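# Fold and contact review
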Amino acid sequence: MAESRGKVYVVGLGPGDKAHLTERARAALAESEVIVGYRTYLGLIRELVAGKAVLASGMQQEVARAQEAVREAAAGRVVAVVCSGDPGIYGMAGLIYEVLREGGWQRQSGVEVEVVPGIPALSAAASLLGAPLMHDFAAISLSDLLTPWEVIARRLEAAAAADFVIVLYNPKSTQRVQQLDEAQRLLSRHRVPQTPVGIVRNAYRDGQQVVVTDLAHLLAHEVDMLTIVIIGNSTTRSCAGLMVTPRGYQAKYELAPSSRECSRGSPGQLASSKPD
Ligand code: SAH
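All of the points below concern the structure found in this document. Note that this is a predicted model, so its numbers are computed, not measured.

Criteria and thresholds
- Residues numbered from 1 in each chain as written.
- Predicted model: local features only at pLDDT ≥ 70, side-chain atom pairs only at ≥ 80, totals over all residues.
- Heavy atoms only, no water.
- Near = heavy atom within 4 Å.
- Polar contact = N/O pair within 3.5 Å; in protein donor to acceptor, adjacent residues only side chain to side chain.
- Areas by Shrake-Rupley, 256 points an atom, 1.4 Å probe, with all protein chains shown as cover.
- 1 Å grid on protein atoms, 1.4 Å probe; cavity = no way out; pocket = protein on both sides within 12 Å on 5 of 7 lines; lining within 4 Å.
- Sits in = over half its atoms within 2 Å of the grid points.
- Nonpolar A, V, L, I, M, F, W, Y, C, P; charged D, E, K, R; others polar.
- Core = buried A, V, L, I, M, F, W, Y, C linked by side-chain atoms within 4.5 Å.
- Buried < 20%, exposed > 50% of the residue type's maximum accessible area, 1.4 Å probe, protein only.
- Helix = DSSP H or I, 4+ residues; strand = E, 2+ residues; numbered from the N terminus.
- Contact = heavy atoms within 4.5 Å.
- Salt bridge = Lys/Arg side-chain N within 4 Å of Asp/Glu carboxyl O.

### Looking at the site of the ligand
- Residues in close proximity to the ligand total 19 residues, the closest being Asp-86, Ile-89, Ala-121, Met-225 and Thr-227.
- Contact between the ligand and Ile-89: a nitrogen atom at 2.6 Å from a main-chain N or O atom of the residue.
- Asn-170 has a polar side-chain atom sitting 3.0 Å from an oxygen atom of the ligand.
- Computed on the free molecule, the ligand has an accessible area of 550 Å², of which 94% lies beneath the protein chains in the complex.
- Spatially, the ligand is embedded in the largest pocket.
- When its residues are assigned to classes, the shell around the ligand shows 12 nonpolar, 5 polar and 2 charged.

### Here's the deal with the nonpolar core
- Ranked by size, the top nonpolar core spans 23 residues in total, and within it Leu-142, Leu-156, Ile-166 and Leu-168 carry the most contacts.
- Elements with a contribution of two residues or more to this core: strand E7 (137–141), helix H6 (149–161), strand E8 (165–169), helix H7 (178–188), strand E9 (196–201) and strand E11 (227–231).
- With 6 residues, the single largest contributor to this core is H6.
- Ignoring anything within four residues of it in the chain, the contact list for Leu-142 reads Trp-149, Ile-152, Leu-156, Leu-168, Tyr-169, Asn-170, Pro-171, Arg-176, Gln-179, Leu-180 and Ala-183.

### Thoughts on the pattern of salt bridges
- Taken as a whole, this structure holds 9 salt bridges when the rule is applied.
- The salt bridge involving Lys-7 is made with Glu-114; its shortest N-O contact spans 2.9 Å. In this pair, Lys-7 sits in strand E1 (residues 7–12) while Glu-114 sits in strand E5 (residues 112–116), placing the two residues 107 residues apart along the sequence.
- Ionic pairing is found between Asp-224 and Arg-201, a salt bridge with its closest N-O pair at 2.7 Å. Taken as a pair, Asp-224 in the loop between strand E10 (209–214) and E11 and Arg-201 in strand E9 lie far apart in primary sequence, 23 residues in all.
- Looking at Asp-224, the relative accessible area reads 18%, which means it is buried.
- If you follow the salt bridges from partner to partner, you end up with Lys-7, Arg-24, Glu-112 and Glu-114 in one network.

This is the structure we're talking about:
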(Lines give C-alpha, C1' and ligand atoms only; values in the text may rest on other atoms or scores of the structure.)
Protein backbone atom coordinates (compact mmCIF):
# COMPACT_ATOMS: atom_id res chain seq x y z
CA MET A 1 0.00 0.00 0.00
CA ALA A 2 1.55 3.26 -1.08
CA GLU A 3 -1.08 5.58 0.47
CA SER A 4 0.66 6.43 3.71
CA ARG A 5 3.57 8.85 3.45
CA GLY A 6 6.81 7.02 4.10
CA LYS A 7 9.71 8.49 6.00
CA VAL A 8 13.47 8.32 5.80
CA TYR A 9 15.44 8.96 8.95
CA VAL A 10 19.13 9.56 8.27
CA VAL A 11 20.52 8.65 11.64
CA GLY A 12 23.91 9.56 13.08
CA LEU A 13 25.05 6.85 15.47
CA GLY A 14 27.90 8.90 16.98
CA PRO A 15 31.29 7.29 17.47
CA GLY A 16 29.99 3.84 18.32
CA ASP A 17 29.09 3.23 21.96
CA LYS A 18 25.49 3.46 23.19
CA ALA A 19 26.30 6.15 25.76
CA HIS A 20 26.98 8.58 22.93
CA LEU A 21 23.88 7.74 20.92
CA THR A 22 21.26 10.50 21.15
CA GLU A 23 17.73 9.91 22.42
CA ARG A 24 16.37 11.04 19.09
CA ALA A 25 18.52 8.47 17.28
CA ARG A 26 17.20 5.73 19.58
CA ALA A 27 13.61 6.83 18.99
CA ALA A 28 14.13 6.95 15.22
CA LEU A 29 15.55 3.41 15.21
CA ALA A 30 12.69 2.20 17.40
CA GLU A 31 10.10 3.72 15.08
CA SER A 32 11.69 2.43 11.87
CA GLU A 33 10.49 -0.74 10.19
CA VAL A 34 13.50 -1.04 7.91
CA ILE A 35 17.14 -0.32 8.82
CA VAL A 36 19.64 0.30 6.03
CA GLY A 37 23.37 0.64 6.53
CA TYR A 38 26.97 -0.37 6.26
CA ARG A 39 27.52 -3.76 7.87
CA THR A 40 30.06 -2.54 10.43
CA TYR A 41 27.76 0.20 11.75
CA LEU A 42 24.78 -2.13 11.96
CA GLY A 43 26.92 -4.34 14.16
CA LEU A 44 27.23 -1.48 16.65
CA ILE A 45 23.46 -1.28 17.17
CA ARG A 46 22.47 -4.94 16.82
CA GLU A 47 20.26 -5.04 19.94
CA LEU A 48 18.47 -1.82 18.99
CA VAL A 49 17.34 -3.17 15.64
CA ALA A 50 16.49 -6.75 16.63
CA GLY A 51 13.37 -8.02 14.86
CA LYS A 52 13.42 -5.34 12.16
CA ALA A 53 14.12 -5.77 8.47
CA VAL A 54 17.83 -5.00 8.21
CA LEU A 55 19.43 -4.33 4.83
CA ALA A 56 23.19 -4.50 5.32
CA SER A 57 25.69 -3.71 2.60
CA GLY A 58 29.42 -3.25 2.19
CA MET A 59 31.70 -0.28 1.77
CA GLN A 60 31.36 1.83 -1.39
CA GLN A 61 27.74 0.75 -1.81
CA GLU A 62 26.38 4.06 -0.61
CA VAL A 63 24.37 4.81 -3.76
CA ALA A 64 22.66 1.42 -3.67
CA ARG A 65 21.90 1.93 0.04
CA ALA A 66 20.39 5.36 -0.57
CA GLN A 67 18.28 4.10 -3.50
CA GLU A 68 17.05 1.17 -1.46
CA ALA A 69 16.07 3.42 1.44
CA VAL A 70 14.21 5.82 -0.84
CA ARG A 71 12.38 2.90 -2.52
CA GLU A 72 11.25 1.53 0.85
CA ALA A 73 10.05 4.95 2.00
CA ALA A 74 8.24 5.52 -1.30
CA ALA A 75 6.35 2.30 -0.60
CA GLY A 76 5.09 3.90 2.61
CA ARG A 77 7.53 2.45 5.11
CA VAL A 78 9.54 4.16 7.84
CA VAL A 79 13.22 3.60 7.07
CA ALA A 80 16.37 4.46 8.99
CA VAL A 81 19.62 4.88 7.09
CA VAL A 82 22.37 4.69 9.67
CA CYS A 83 25.77 6.41 9.50
CA SER A 84 28.67 6.67 11.92
CA GLY A 85 29.19 10.01 13.58
CA ASP A 86 27.01 12.70 12.07
CA PRO A 87 25.09 11.86 8.88
CA GLY A 88 25.73 15.32 7.45
CA ILE A 89 29.53 15.03 7.72
CA TYR A 90 30.93 12.71 5.04
CA GLY A 91 27.72 10.74 5.67
CA MET A 92 24.57 9.69 3.84
CA ALA A 93 22.40 12.80 4.29
CA GLY A 94 23.52 14.51 1.07
CA LEU A 95 23.20 11.37 -1.00
CA ILE A 96 19.66 10.73 0.23
CA TYR A 97 18.64 14.23 -0.89
CA GLU A 98 20.39 13.73 -4.24
CA VAL A 99 18.63 10.42 -4.90
CA LEU A 100 15.29 11.96 -3.90
CA ARG A 101 15.84 14.95 -6.16
CA GLU A 102 16.67 12.70 -9.08
CA GLY A 103 13.27 11.04 -8.58
CA GLY A 104 11.49 14.42 -8.65
CA TRP A 105 10.93 14.62 -4.89
CA GLN A 106 8.81 17.46 -3.52
CA ARG A 107 9.42 18.40 0.10
CA GLN A 108 5.73 19.03 0.86
CA SER A 109 4.21 15.97 -0.80
CA GLY A 110 7.02 13.46 -1.09
CA VAL A 111 8.42 11.11 1.53
CA GLU A 112 9.31 12.79 4.78
CA VAL A 113 13.01 13.16 5.58
CA GLU A 114 14.55 13.73 9.00
CA VAL A 115 18.31 14.00 9.50
CA VAL A 116 19.14 12.99 13.06
CA PRO A 117 22.47 14.52 14.06
CA GLY A 118 25.12 12.49 15.85
CA ILE A 119 28.42 13.20 17.56
CA PRO A 120 30.97 13.40 14.74
CA ALA A 121 34.31 11.58 14.95
CA LEU A 122 36.14 14.89 15.21
CA SER A 123 34.36 15.77 18.47
CA ALA A 124 34.73 12.25 19.83
CA ALA A 125 38.46 12.23 19.04
CA ALA A 126 38.98 15.76 20.37
CA SER A 127 37.44 14.80 23.69
CA LEU A 128 39.92 11.94 24.06
CA LEU A 129 42.91 14.06 23.04
CA GLY A 130 42.25 17.00 25.35
CA ALA A 131 41.02 20.16 23.63
CA PRO A 132 42.67 20.46 20.22
CA LEU A 133 39.74 22.14 18.45
CA MET A 134 39.42 25.23 20.65
CA HIS A 135 40.32 27.48 17.76
CA ASP A 136 39.47 27.59 14.04
CA PHE A 137 39.88 24.26 12.32
CA ALA A 138 39.42 22.64 8.93
CA ALA A 139 38.25 19.07 8.29
CA ILE A 140 39.73 17.45 5.20
CA SER A 141 39.07 13.94 3.94
CA LEU A 142 42.12 12.29 2.37
CA SER A 143 39.95 9.92 0.34
CA ASP A 144 40.43 10.57 -3.36
CA LEU A 145 37.73 8.12 -4.43
CA LEU A 146 35.29 10.98 -5.02
CA THR A 147 37.60 14.00 -4.91
CA PRO A 148 40.69 14.43 -7.10
CA TRP A 149 43.96 14.48 -5.13
CA GLU A 150 44.86 17.92 -6.58
CA VAL A 151 41.77 19.38 -4.88
CA ILE A 152 42.62 17.70 -1.58
CA ALA A 153 46.24 18.88 -1.78
CA ARG A 154 45.14 22.44 -2.54
CA ARG A 155 42.85 22.45 0.51
CA LEU A 156 45.56 21.00 2.74
CA GLU A 157 47.95 23.67 1.52
CA ALA A 158 45.43 26.48 2.10
CA ALA A 159 44.44 25.24 5.58
CA ALA A 160 48.09 24.79 6.55
CA ALA A 161 49.05 28.23 5.29
CA ALA A 162 46.15 29.82 7.18
CA ASP A 163 47.23 28.10 10.42
CA PHE A 164 44.02 26.14 10.91
CA VAL A 165 44.06 23.11 13.17
CA ILE A 166 43.53 20.33 10.61
CA VAL A 167 41.37 17.25 11.07
CA LEU A 168 42.11 14.44 8.64
CA TYR A 169 39.23 12.08 7.93
CA ASN A 170 39.69 8.83 5.96
CA PRO A 171 43.46 9.11 6.34
CA LYS A 172 44.48 5.76 4.91
CA SER A 173 42.96 2.53 3.62
CA THR A 174 44.52 -0.74 2.57
CA GLN A 175 44.57 0.39 -1.07
CA ARG A 176 45.17 4.07 -0.41
CA VAL A 177 48.47 4.43 1.44
CA GLN A 178 50.23 7.42 -0.17
CA GLN A 179 47.91 10.24 0.82
CA LEU A 180 48.91 10.51 4.45
CA ASP A 181 52.62 10.55 3.54
CA GLU A 182 51.98 13.32 1.04
CA ALA A 183 49.82 15.25 3.49
CA GLN A 184 52.55 15.02 6.13
CA ARG A 185 55.15 16.32 3.67
CA LEU A 186 52.92 19.15 2.56
CA LEU A 187 52.00 20.20 6.11
CA SER A 188 55.66 20.06 7.18
CA ARG A 189 56.35 22.95 4.84
CA HIS A 190 54.12 25.14 7.02
CA ARG A 191 54.46 23.67 10.54
CA VAL A 192 57.47 22.85 12.69
CA PRO A 193 58.25 19.13 13.21
CA GLN A 194 57.29 19.43 16.91
CA THR A 195 53.70 20.43 16.06
CA PRO A 196 51.46 18.24 18.23
CA VAL A 197 49.46 15.58 16.37
CA GLY A 198 46.68 13.43 17.82
CA ILE A 199 45.81 10.04 16.38
CA VAL A 200 42.61 8.36 17.52
CA ARG A 201 41.57 4.94 16.34
CA ASN A 202 38.15 3.50 17.14
CA ALA A 203 37.06 6.35 19.39
CA TYR A 204 34.51 5.08 21.93
CA ARG A 205 34.57 1.62 20.37
CA ASP A 206 36.32 -1.63 21.21
CA GLY A 207 40.02 -1.34 20.50
CA GLN A 208 40.18 2.41 21.15
CA GLN A 209 43.70 3.81 20.76
CA VAL A 210 44.75 7.37 21.52
CA VAL A 211 48.21 8.71 20.72
CA VAL A 212 49.63 12.20 21.04
CA THR A 213 52.75 12.53 18.95
CA ASP A 214 54.14 15.24 16.66
CA LEU A 215 54.29 15.99 12.96
CA ALA A 216 57.78 14.53 12.58
CA HIS A 217 56.62 11.17 14.01
CA LEU A 218 53.11 10.98 12.53
CA LEU A 219 54.01 8.36 9.94
CA ALA A 220 55.58 6.04 12.52
CA HIS A 221 52.14 5.23 13.94
CA GLU A 222 49.44 2.84 12.80
CA VAL A 223 46.76 4.72 10.89
CA ASP A 224 43.85 3.21 8.94
CA MET A 225 40.25 3.90 7.94
CA LEU A 226 39.10 3.59 11.54
CA THR A 227 41.41 6.44 12.51
CA ILE A 228 41.13 10.20 12.61
CA VAL A 229 44.16 12.49 12.81
CA ILE A 230 44.26 15.99 14.30
CA ILE A 231 47.20 18.28 13.49
CA GLY A 232 47.70 21.24 15.79
CA ASN A 233 48.16 24.84 14.68
CA SER A 234 51.18 26.98 15.59
CA THR A 235 49.85 27.57 19.11
CA THR A 236 48.77 24.01 19.99
CA ARG A 237 50.66 22.56 22.97
CA SER A 238 50.96 19.03 24.28
CA CYS A 239 51.13 18.46 27.99
CA ALA A 240 50.50 15.44 30.22
CA GLY A 241 49.77 13.38 27.14
CA LEU A 242 47.05 15.78 26.06
CA MET A 243 46.80 18.21 23.19
CA VAL A 244 45.40 21.70 23.80
CA THR A 245 44.95 24.58 21.38
CA PRO A 246 44.64 27.81 23.35
CA ARG A 247 41.59 29.90 22.66
CA GLY A 248 43.53 33.06 23.45
CA TYR A 249 42.38 33.68 27.02
CA GLN A 250 45.98 33.86 28.14
CA ALA A 251 46.70 36.88 25.99
CA LYS A 252 43.62 38.64 27.34
CA TYR A 253 43.46 37.56 30.98
CA GLU A 254 46.02 36.66 33.61
CA LEU A 255 45.85 32.88 34.05
CA ALA A 256 47.50 30.81 36.78
CA PRO A 257 51.16 30.00 35.93
CA SER A 258 50.46 26.26 35.70
CA SER A 259 48.41 26.82 32.55
CA ARG A 260 51.55 28.13 30.85
CA GLU A 261 53.70 25.16 31.62
CA CYS A 262 52.67 23.09 28.64
CA SER A 263 55.13 23.45 25.86
CA ARG A 264 55.26 22.48 22.27
CA GLY A 265 57.77 19.84 21.41
CA SER A 266 57.20 17.48 24.32
CA PRO A 267 54.50 15.18 23.06
CA GLY A 268 53.19 12.98 25.81
CA GLN A 269 51.23 9.76 25.84
CA LEU A 270 47.89 8.97 27.34
CA ALA A 271 47.52 5.97 29.58
CA SER A 272 45.61 4.13 26.87
CA SER A 273 48.10 5.09 24.17
CA LYS A 274 50.56 2.98 22.32
CA PRO A 275 54.23 3.81 22.77
CA ASP A 276 55.84 6.24 20.33
N1 SAH B 1 29.93 10.73 9.45
C2 SAH B 1 31.18 10.46 10.13
C3 SAH B 1 32.36 10.38 9.16
C4 SAH B 1 32.30 9.22 8.20
S5 SAH B 1 33.73 9.14 7.18
C6 SAH B 1 31.40 11.52 11.20
O7 SAH B 1 30.58 12.41 11.39
O8 SAH B 1 32.39 11.44 11.90
C9 SAH B 1 34.60 7.80 7.94
C10 SAH B 1 35.84 8.32 8.66
O11 SAH B 1 35.46 8.91 9.90
C12 SAH B 1 36.83 7.23 9.06
O13 SAH B 1 37.71 6.90 8.00
C14 SAH B 1 37.57 7.90 10.21
O15 SAH B 1 38.50 8.82 9.69
C16 SAH B 1 36.46 8.69 10.88
N17 SAH B 1 35.81 7.98 12.01
C18 SAH B 1 34.51 7.63 12.10
N19 SAH B 1 34.26 7.06 13.30
C20 SAH B 1 35.43 7.06 13.99
C21 SAH B 1 35.81 6.60 15.30
N22 SAH B 1 34.92 6.04 16.12
N23 SAH B 1 37.10 6.75 15.66
C24 SAH B 1 38.01 7.32 14.83
N25 SAH B 1 37.69 7.78 13.60
C26 SAH B 1 36.43 7.64 13.17
